[in-house]
Amino acid sequence: MRLALLALPLILSACATVPPGPPWLPVTSNTASELRGLSVVSDQVAWASGARGTVLRTVDGVTWQAINVPGADKIDFRDIHAIDANSAIVMSAGPGDASRIYRSDDGGASWRLMITNPVKEGFWDAIAFWDKDHGLLFGDPVGGRFQTYATSDGGVTWTPLPSAGLEALPSEGAFAASGSCLSVAGVNDAWIVTGGAASARVFHSSDRGASWRAAALPIAAGAPARGAFSVAFADSKNGMAAGGDYKEKTMAGINGARSSDGGATWTAAQILPVGYMSVVTPVKGSGSYVAAGLAGSGFSRDGGRTWTALDATPLNTVAFASPTAGWAIGPKGLLMKYAGPRLSN
């Protein structure tokens, strides 16, 4: 969705005390561009992406190199998928041919343009990969149906999918806010979350995007800037969705939901801090989740049932390599490294 190129009852959750000290430590990003895409390979290797064709990379977990993709200085990289220290796939969001995918296999020294959105009315939102070869690409509705593409060769070629079951409601779209409105887990499962319509929804595919089934989400909706922004599953059954209203960052209302049946049904979950959350992500090696957005950041150690607020710094997305190693990115080149409590039971 063209997110700024971009009442419900309140359920309080129990929260534990966060140890003193800042949970996020600033890191020099060497850019002033808005950052929205983040992919973590390990506690040393991670890639990030953002506006004006910006890509960042670290291979030691400490220093980050700013990389400009040739010919992409006017496009906005909203999502990135890192394969390893040398290879990454980056996706831009924008109308028509402003939606593109590039790939590098030499640490960002050179880039190949893999595909440009062939549909003038199209607008891509996110990419996600099950492994180094197989992935999905997702975009806003064209002709009343969301766009989906599949790759089996690491993003070199993309095949349009029939998108069976991805019919859109009036005014429904997805938010390219953090590259996480699409996620995958297991071998064949994928999920998409939407907003902008009368209700927020999640779509689930168990056949790698060939067909989809929709379910309603108990997240505030009913306005163009409001709905579900992010979805994440720790496995094929257990997952979280997060959202809110990006124009009202501290708006009260349900900003999260959890599922234990693969996305067929959802239970409201109040993420803390209260307000707009653009991302929720599982923490590798634990049963924990971290959520973040313009309202700040918080974590859950019990599968999303209860939440603890971490910090009020506005963020766009977060990603973790382990319960102690992660990064956050946000406006004006904001880059931070996690220094908070261990995120495991």
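Residues numbered from 1 in each chain as written. Predicted model: local features only at pLDDT ≥ 70, side-chain atom pairs only at ≥ 80, totals over all residues. Heavy atoms only, no water.

(A) Focus on the overall build of the chain. A tally of helices and strands in the chain yields 0 helices and 28 strands. For 345 residues, the compact-globule estimate of 2.2 N^0.38 gives 20 Å, and the C-alpha radius of gyration of the chain, at 18 Å, lies within 12% of that figure. With the C-alpha coordinates of the chain rotated into their principal frame, the extents come out at 50 × 45 × 35 Å. Charged side chains in the chain number 26 positive and 26 negative. The centres of these two groups are separated by 3 Å. (Helix = DSSP H or I, 4+ residues; strand = E, 2+ residues; numbered from the N terminus. Rg over C-alpha atoms; globule rule 2.2 N^0.38 Å. Lys, Arg positive; Asp, Glu negative; His and termini not counted. Charge placed at Lys NZ, Arg CZ, Asp CG, Glu CD.)

(B) Representation of the packing of aromatic side chains in the model. Tallied over the entire structure, the rule returns 16 aromatic pairs. Taking 5.9 Å as the distance between ring centres and 90° as the angle between the ring planes, the aromatic pair formed by Phe 233 and Trp 266 counts as edge-to-face. With Phe 233 in strand S18 (residues 226–233) and Trp 266 in the loop between strand S20 (256–259) and strand S21 (267–268), this pair connects stretches of sequence that are 33 residues apart. As far as the burial class goes, Phe 233 and Trp 266 line up, both buried. Consider the rings of Phe 320 and Tyr 338, whose centres lie 5.2 Å apart with planes at 70°: the pair is edge-to-face. With Phe 320 in strand S26 (residues 317–322) and Tyr 338 in strand S28 (residues 335–338), this residue pair connects regions lying 18 residues apart in the sequence. Grouping residues by exposure puts Phe 320 and Tyr 338 together as buried. Put simply, the rings of Phe 175, Phe 229, Tyr 246 and Tyr 276 touch in pairs and so form one group of aromatic residues. Over the ring of Trp 130 we find Arg 208; its NZ or CZ atom is 4.9 Å from the centre of that ring. (Phe/Tyr/Trp six-rings, centres within 6.5 Å; stacked < 30°, edge-to-face > 60°. Buried < 20%, exposed > 50% of the residue type's maximum accessible area, 1.4 Å probe, protein only. Lys NZ or Arg CZ within 6 Å of the ring centre and 35° of its normal.)

(C) How the structure looks around the pattern of salt bridges. Taken as a whole, this structure holds 9 salt bridges when the rule is applied. The shortest N-O distance in the salt bridge between Asp 105 and Arg 103 comes to 2.9 Å. Taking the relative accessible area as the measure of exposure, Asp 105 reaches 36% and is therefore partly exposed. A salt bridge links Arg 145 to Glu 167, with the nearest nitrogen and oxygen atoms 2.8 Å apart. Taken together, the residues Arg 145 in strand S12 (residues 145–151) and Glu 167 in the loop between strand S13 (159–160) and strand S14 (182–185) connect sequence positions 22 residues apart. Under the relative-accessibility criterion, Glu 167 is labelled partly exposed at 38%. Three or more residues joined by partner-sharing salt bridges are found here, namely Arg 103, Asp 105 and Arg 112. (Salt bridge = Lys/Arg side-chain N within 4 Å of Asp/Glu carboxyl O.)

(D) Inspection of the sheet that holds strand S4 (residues 54–58) at higher detail. The 4 strands are arranged S2-S3-S4-S5 in an open sheet whose pairing can be described as antiparallel. Of all the strands in the sheet, just strand S2 (35–40) and strand S5 (65–68) have a single pairing partner and so form its edges. If you compare each strand with its neighbour and ignore which way they point, the axes differ by 20° on average. Bridge count between strand S3 (residues 46–50) and S4: 5 bridges; the pairing is antiparallel. (Pairing = 2+ DSSP bridges. Axes fitted to C-alpha atoms, helices over the stretch in contact; angles between N-to-C directions.)

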